[in-house]
Amino acid sequence: MGVPRPMTKEVLLSAFGGESMAHMRYLFFSKVAVREGFHNVARLFRAVAYAEEVHASNHYSKLGGFDEDASVNAGSPIGPGDTLKNLELAIRGEEFEVNEMYPAYIEVARHQGEKEAEISFRWALEAEKIHAELFKEAKSFVEKKEDWRLESYIWICPVCGYTHVGYEPPEKCPVCGASGSSFKEF
Ligand code: FE2
Ligand code: FE2
Ligand code: FE2
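Chemist: It is not clear to me how the packing of helix α2 (residues 39–61) against helix α4 (residues 115–142) should be interpreted in this structure. Could you clarify?
Modeler: When two helices pack together, their arrangement is given by the angle between the helix axes and by the axis-to-axis distance. Between α2 and α4, the shortest axis-to-axis distance is 11 Å and the interhelical angle comes to 165°. Judged on the interaxial angle alone, α4 and α2 are roughly antiparallel. Two packed elements cross with a definite hand, and for α2 against α4 that hand is left-handed. Where α2 abuts α4, its residues Val41, Leu44, Phe45, Val48, Ala51, Glu52, His55, Asn58 and His59 lie against Ser120, Phe121, Trp123, Ala124, Ala127, Glu128, His131, Leu134, Phe135, Ala138 and Val142. Of the residues contributing to the contact of α2 with α4, the split by class is 13 nonpolar, five polar and two charged.

As C-alpha cells, this is what we get:
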C-alpha cells in the first residue's frame, strides 16, 4: 500500500493524533477514577483506551510508506479534572468525532477513492457512538457520587475497536466481522 493522496494523508494523520491522545487521556482518567473510588468508571476508561489504541493503529497503518516529519493536529478538549469533569471531556470528545470529525474524514477518503482509509474511519465512527453513550451512562451515576453500576464486562474488538457490554462477547463483531473469541475483556 502506497502513501495516500495528500488530503487523505492529512486527515489520517489528524485522526491518528486524536486517537493516540484519546488513548493516553483515558488511561490517565482511569487512574483518577481509581483514586476517587469509581472502579467501574476506571474499567470503562481502560477499555475505551484500548479501543482508541486500535483506532490509532488502524489509521497509522494506512499511512503506507509515509516518512517525513509531521506536526499533527489532534484537537480535543484537554484539561485534567475530577472524574465527573473527565467524563464530560470524554463525552465532548466522542461527540465531536461522531458529529464532526469522522463524517467529514469519511467524505474526504471516499471522494479520493482511498478505500482503506475510509474503512478505518467508518470503523472508528461506529465505536465512538457507543463510547459517547457509555460515558453518558457512567456520568449519570457519578453525578450522584456513585460508581457506574456494571456487573458484567466490557469487550473490545481488537480489529476495529467495537465496544460491547455484557457477560459474553458477541459471536461475531457486527462492524468488522471478527470472531467474538478474539475480543479483549475488561
Ligand atoms: Fe476512537
Ligand atoms: Fe472513542
Ligand atoms: Fe470489529
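Chemist: When you look at the sheet that holds strand β1 (residues 153–156) in this model, what are you seeing that I'm missing?
Modeler: Whenever strands of a sheet pair, they do so through backbone hydrogen bonds, lying parallel or antiparallel. On the basis of which strands lie adjacent, the open sheet formed by three strands has the order β2-β1-β3 and antiparallel pairing. Here the strands that pair on one side only, and so sit at the sheet edges, are β2 (163–166) and β3 (184–185). Pairing of β1 with β2 involves four bridges; the strand directions are antiparallel. Looking at β2, one finds that Tyr153 is bridged to Gly166.

Chemist: In this structure, what is going on with the coordination of the iron ion (ligand 2)? I would like to understand it.
Modeler: Ideal coordination angles are 109.5 degrees for a metal with four donors arranged tetrahedrally and 90 or 180 degrees for a metal with six donors arranged octahedrally. In the first shell of the iron ion (ligand 2), the protein supplies Glu52 (OE), Glu94 (OE), Glu94 (OE), Glu128 (OE) and His131 (ND1), at 2.0 to 2.3 Å from the metal. Mapping the donors of the iron ion (ligand 2) onto the primary sequence yields the spacing E-x41-E-x33-E-x2-H. The iron ion (ligand 1) is placed at 3.7 Å from the iron ion (ligand 2), the two being bridged by Glu52. One end of the pair, Glu94, is in helix α3 (residues 83–111); the other, His131, is in helix α4, and 37 residues separate them in sequence. Assessed through its relative accessible area of 0%, Glu94 is described here as buried.

Chemist: So what exactly am I meant to see when it comes to the side chain of Glu118 here?
Modeler: Along the chain, Glu118 turns up in helix α4. Excluding anything up to four places from it in sequence, Glu118 contacts Ile106, Ala109 and Arg110.

Chemist: Would you mind showing me how to read the coordination of the iron ion (ligand 1) here?
Modeler: Every protein donor of the iron ion (ligand 1) is accounted for by Glu19 (OE), Glu19 (OE), Glu52 (OE), His55 (ND1) and Glu128 (OE), and the metal-donor separations fall at 2.0 to 2.4 Å. In primary sequence terms, the donor set of the iron ion (ligand 1) follows E-x32-E-x2-H-x72-E.

Chemist: Can you help me understand the layout of surface pockets in this one?
Modeler: Approximately 220 Å³ is the volume found for the largest pocket. Residue lining of the largest pocket: 18 residues in total, with Gly75, Ser76, Phe96, Glu97 and Met101 positioned closest to the centre. When residues of the lining of the largest pocket are assigned to their parent elements, the largest contribution, seven residues, is made by α3. Split by residue class, the lining of the largest pocket holds seven nonpolar, six polar and five charged.

Chemist: Teacher, can you tell me more about a negative patch on the surface here?
Modeler: A surface patch of like charges, here negative, comprises Glu10, Asp67, Glu68 and Asp69. On the secondary structure map, Asp69 appears in the loop between α2 and α3.

Reading guide: rules and limits
- Residues numbered from 1 in each chain as written.
- Chains lettered and ligands numbered in written order.
- Predicted model: local features only at pLDDT ≥ 70, side-chain atom pairs only at ≥ 80, totals over all residues.
- Heavy atoms only, no water.
- Axes fitted to C-alpha atoms, helices over the stretch in contact; angles between N-to-C directions.
- Helix = DSSP H or I, 4+ residues; strand = E, 2+ residues; numbered from the N terminus.
- Parallel < 35°, antiparallel > 145°, perpendicular 65-115°, else oblique.
- Left-handed = near helix turned anticlockwise from the far one by under 90°.
- Contact = heavy atoms within 4.5 Å.
- Nonpolar A, V, L, I, M, F, W, Y, C, P; charged D, E, K, R; others polar.
- Pairing = 2+ DSSP bridges.
- Donors = N, O, S within 2.8 Å, 3.2 Å for Na, K, Ca; no water.
- Buried < 20%, exposed > 50% of the residue type's maximum accessible area, 1.4 Å probe, protein only.
- 1 Å grid on protein atoms, 1.4 Å probe; cavity = no way out; pocket = protein on both sides within 12 Å on 5 of 7 lines; lining within 4 Å.
- Points joined across faces, edges and corners; volume = space filled by probe spheres on them.
- Patch = residues over 30% accessible without salt bridge, like charges linked within 9 Å, V, L, I, M, F, W, Y side chains within 5 Å.
- Areas by Shrake-Rupley, 256 points an atom, 1.4 Å probe, with all protein chains shown as cover.
- Salt bridge = Lys/Arg side-chain N within 4 Å of Asp/Glu carboxyl O.
- Lys, Arg positive; Asp, Glu negative; His and termini not counted.
- Charge placed at Lys NZ, Arg CZ, Asp CG, Glu CD.

Limitation: the analysis is restricted to geometry and does not speak to function.
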